[in-house]
There are 2 protein chains.
Amino acid sequence: MDITDMAQRIIAGERRALARAITLVESARADHRAQATELLAALGQDKQALRIGLSGTPGVGKSTFIESFGLMLTGQGLRVAVLAVDPSSSRSGGSILGDKTRMDVLSRDPNAFIRPSPSQTHLGGVARRTREAIALCEAAGFDVVLIETVGVGQSETVVAQMSDLFLLLLAPAGGDELQGVKRGIMEMADVIVVNKADGDLKATALRTQADYSGALRLLRKRPQDPEGYPRAMSVSALEERGLPEVWEALQTLSDWRRENGFWDQTRAQQARYWFEEGVKSVLLAQLETPAARQALAALSDAVAAGEQEPAAAAVAFVRDLRA
Amino acid sequence: MDITDMAQRIIAGERRALARAITLVESARADHRAQATELLAALGQDKQALRIGLSGTPGVGKSTFIESFGLMLTGQGLRVAVLAVDPSSSRSGGSILGDKTRMDVLSRDPNAFIRPSPSQTHLGGVARRTREAIALCEAAGFDVVLIETVGVGQSETVVAQMSDLFLLLLAPAGGDELQGVKRGIMEMADVIVVNKADGDLKATALRTQADYSGALRLLRKRPQDPEGYPRAMSVSALEERGLPEVWEALQTLSDWRRENGFWDQTRAQQARYWFEEGVKSVLLAQLETPAARQALAALSDAVAAGEQEPAAAAVAFVRDLRA
């Protein structure tokens, strides 16, 4: 594989080259990893897209929102990439973005690029691959990268750590269910969007929006927010209403953060975070070689049989591993 | 420090020697670690106490329960040790067991031994120290080791992985609050004990017990349980009622597990678990040396400044660390 050639084609905006490069960064093969590292170094980090993390539990209309929102952006001449972080995708057979028909129109838009989550059960692996895919999309000149995740478990933290802005999509709900959104998730959100503000649900959606506006005002003000943020809004992705307002709110926030140094500061902090996570995962990857697995299994049997004390055996194992 | 002498004193049941040995295993100093390993090897793993994990959120009357339950056991001539797993204790100044007056009578009982949680914010560190303290208590001939934790976060998993039996203590509550106990915690419990079945709360306690009995029946039967387990009971720790029944239920269960091989099987699985956790923590401890911290900080700065790509820098860092 000619890495210089691939880099040039990506920068020139060739979709097939981008798709092949993402397949390359998703590979676990050692030679592919080396090529991926070379490719990312060749592409540099000069071009920056607006990275928008997007979370929402199943049923909130995430696909419809991404399709409508993405088409609005491409309609303005912007190039939009959609990636996903879903550690469960290999088990469930692809619960999000696995099926391109979910975003039927957007997926056929020449200014959009949709890529399902890399199939890998380990969240750390999905995260590294997605971050590299984002870098590839930025080098390819995309203006906006949407990073979708499901609103369960740790994947939101992971997506927030690779996004400039974090959008939480919610469905209209009674006041009781406001409790259902974990405080930690709400504290991550820059903009909460209540979807399905249409038909019978419209009044409920507006009430839900008001509830969340109130809840957000109770949170401690974050330094990286101008007055009025984080904020709650409501939209109808189905009827394509409220979407320009969401885009404007996101732009206002990102402009303010750029002007006040928080944009660079956040990206720098995120780079540190992923470096440290990377160090840990490279250290632990030493346990994944066939020889290490075999030694680990043998010593684990001895420990289970009571022949060795677990903590002492662990120290001895690592000493041998490093020898 | 004469390790052979210390081992003999522990086996002879000298409380001061046990207390000093626990202080030794709690130390992070390299020479202390070496001595602790030597001590644990000298003591062996021949004597086994019944290890009972005990969890409950603040306010359920955990101290009162442990005091009453512990005194009942010492009254039967049994020797009882009480340890705690509380990763927050160094921050909060010791939220559980920090204050011995909490268990005033039990702490003065010659057949009881109470030790607060080692102060350490890192749960893994507390876990290793507590497991080693359990081994010391077993070598010292204690019949029962109670391992207390607060019902929040991951510490319950940690305690369950070092216990033969897991007891979940709950307060009387309306039907709605049944949802408050996470399914994962409930699945860990061998016996659920509703406390405060006295005075005005008695009827509510009995109803709560019935609710949990119903909920437990809905869980999938575990191979390590005889008919009727896991079960829900109610007690009044304050009035010392229901405690013999809880002790009988725990004994019945542990006898059945011993006879059917599940006791040994669980301990073997736990040894494997702690060995694997130990390997990870020893690997990651390489990052805690002053030299490693310094190198990590310098490279982190370069990554934050965009001079290096996080994943590639991580690979380079670990390569240098191993050189």
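So, how was this worked out
- Residues numbered from 1 in each chain as written.
- Chains lettered and ligands numbered in written order.
- Predicted model: local features only at pLDDT ≥ 70, side-chain atom pairs only at ≥ 80, totals over all residues.
- Heavy atoms only, no water.
- Helix = DSSP H or I, 4+ residues; strand = E, 2+ residues; numbered from the N terminus.
- Rg over C-alpha atoms; globule rule 2.2 N^0.38 Å.
- Buried < 20%, exposed > 50% of the residue type's maximum accessible area, 1.4 Å probe, protein only.
- Contact = heavy atoms within 4.5 Å.
- Pairing = 2+ DSSP bridges.
- Buried area = accessible area lost by both parts, 1.4 Å probe.
- Salt bridge = Lys/Arg side-chain N within 4 Å of Asp/Glu carboxyl O.
- Polar contact = N/O pair within 3.5 Å; in protein donor to acceptor, adjacent residues only side chain to side chain.
- Nonpolar A, V, L, I, M, F, W, Y, C, P; charged D, E, K, R; others polar.
- Axes fitted to C-alpha atoms, helices over the stretch in contact; angles between N-to-C directions.
- Least-squares fit on C-alpha atoms with pLDDT ≥ 70 in both.
- Right-handed = clockwise from strand over helix to strand, strands pointing away.
- Phe/Tyr/Trp six-rings, centres within 6.5 Å; stacked < 30°, edge-to-face > 60°.

Looking at an unreviewed UniProt entry, one finds chain A named LAO/AO transport system kinase, with Sulfitobacter undariae as its source organism.

## Considering the overall build of chain A
Scanning chain A from N- to C-terminus turns up 14 helices and seven strands. On C-alpha atoms alone, chain A measures out to a radius of gyration of 22 Å, which is about the 20 Å that the 2.2 N^0.38 rule sets for 323 residues. Dimensions of chain A, computed from the C-alpha atoms along their principal axes, are close to 65 × 50 × 40 Å. Put simply, chain A has 323 residues, and 52% of those count as buried. Long-range pairs, those at least 24 residues apart, make up 76% of the contacts in chain A between residues at least 6 apart in sequence.

## A closer look at unusual backbone geometry
All names here are of chain A. Following tyrosine 229, the chain continues to proline 230 via a peptide bond in cis, the omega torsion being -5°. Within the secondary structure, proline 230 sits in the loop between helix H10 (202–218) and strand S7 (231–234). The residue glutamate 240 is not glycine, and still its phi comes out positive at about 55°. Positionally, glutamate 240 belongs in the loop between S7 and helix H11 (243–259). A relative accessible area of 55% means that glutamate 240 is categorised as exposed.

## Some remarks on the pairing of strand S1 (residues 50–56) of chain B
Residue and element names in this part refer to chain B. Of all seven residues in S1, seven are buried, a share of seventy percent or more. Side chains Leu50, Ile52, Leu54 and Gly56 project from S1 onto one buried face, and the interleaved Arg51, Gly53 and Ser55 project onto a second face that is buried too. Here seven bridges tie S1 to strand S4 (residues 144–150), and the two strands are oriented parallel to one another. Residue pairing across strands places arginine 51 opposite valine 145, the latter belonging to S4. Across four bridges, the pairing between S1 and strand S5 (residues 165–170) is parallel. Looking at S5, one finds that leucine 54 is bridged to leucine 167.

## Some points on the interface of chain A and chain B
Taken together, the contacts link 39 residues of chain A with 39 residues of chain B. A buried area of about 3300 Å², summed over both sides, lies between chain A and chain B, and 71% of it is on carbon and sulfur atoms. Between aspartate 301 of chain A and arginine 272 of chain B there is a salt bridge whose closest N-O contact spans 2.8 Å. Where chain A touches chain B, the interface holds four residue pairs in polar contact (both at pLDDT 80 or more). Mapped by element, the contributors of at least two residues to the side of chain A that touches chain B are helix H7 (123–139), helix H12 (262–285), helix H13 (290–304) and helix H14 (310–322) of chain A. At twelve residues, the largest contribution of residues to the side of chain A that touches chain B is made by H12 of chain A. The residue makeup of the side of chain A that touches chain B, split by class, is 23 nonpolar, seven polar and nine charged.

## Side note on the sheet that holds S5 of chain B
Residues and elements named next belong to chain B. With parallel pairing, the seven strands of this open sheet are ordered in space as S3-S2-S4-S1-S5-S6-S7. Two strands close off the open sheet at either side, each with one partner strand: strand S3 (112–114) and strand S7 (231–234). For this sheet, the mean inter-axis angle between neighbouring strands, taken without regard to orientation, is 20°.

## Notes on the relation of the copies chain A and chain B
Rotating chain A by 180° and moving it 0.0 Å along the rotation axis overlays it on chain B with an RMSD of 0.0 Å. Seen this way, the second copy is the image of the first under a two-fold rotation axis.

## Some remarks on the pairing of strand S6 (residues 191–194) of chain A
Regular strands have side chains that alternate between both faces of the sheet. All names here are of chain A. Where burial is concerned, the two faces of S6 agree: the one with Val191 and Val193 and the one with Ile192 and Val194 are both buried. Two elements, strand S5 (residues 165–170) and S6, share four bridges in a ladder whose sense is parallel. Bridging across to S6, leucine 170 finds its partner in valine 194. Pairing analysis gives four bridges linking S6 to S7, with the strands arranged parallel. Along S7, the bridge assignment pairs valine 193 with methionine 233. In terms of handedness, the path from S6 via H10 over to S7 forms a crossover that is right-handed.

## Let's talk about the sheet that holds strand S4 (residues 144–150) of chain A
Residue and element names in this part refer to chain A. Taken in spatial order, the seven strands of this open sheet run S3-S2-S4-S1-S5-S6-S7, and their pairing is parallel. Here the strands that pair on one side only, and so sit at the sheet edges, are strand S3 (112–114) and S7. For this sheet, the mean inter-axis angle between neighbouring strands, taken without regard to orientation, is 20°.

## Some details on the packing of aromatic side chains
Under the definition given, this model contains twelve aromatic pairs over all chains. Geometrically, the ring pair formed by tyrosine 273 of chain A and tryptophan 274 of chain A is edge-to-face, given 4.9 Å between the ring centres and 90° between the ring planes. Seen in terms of ring centroids, tryptophan 256 of chain B and phenylalanine 262 of chain B are 5.7 Å apart; in terms of plane orientation they differ by 10°. Their pairing is stacked. Counting every residue linked through ring pairs, the aromatic cluster contains Phe65, Phe69 and Trp247 of chain A.

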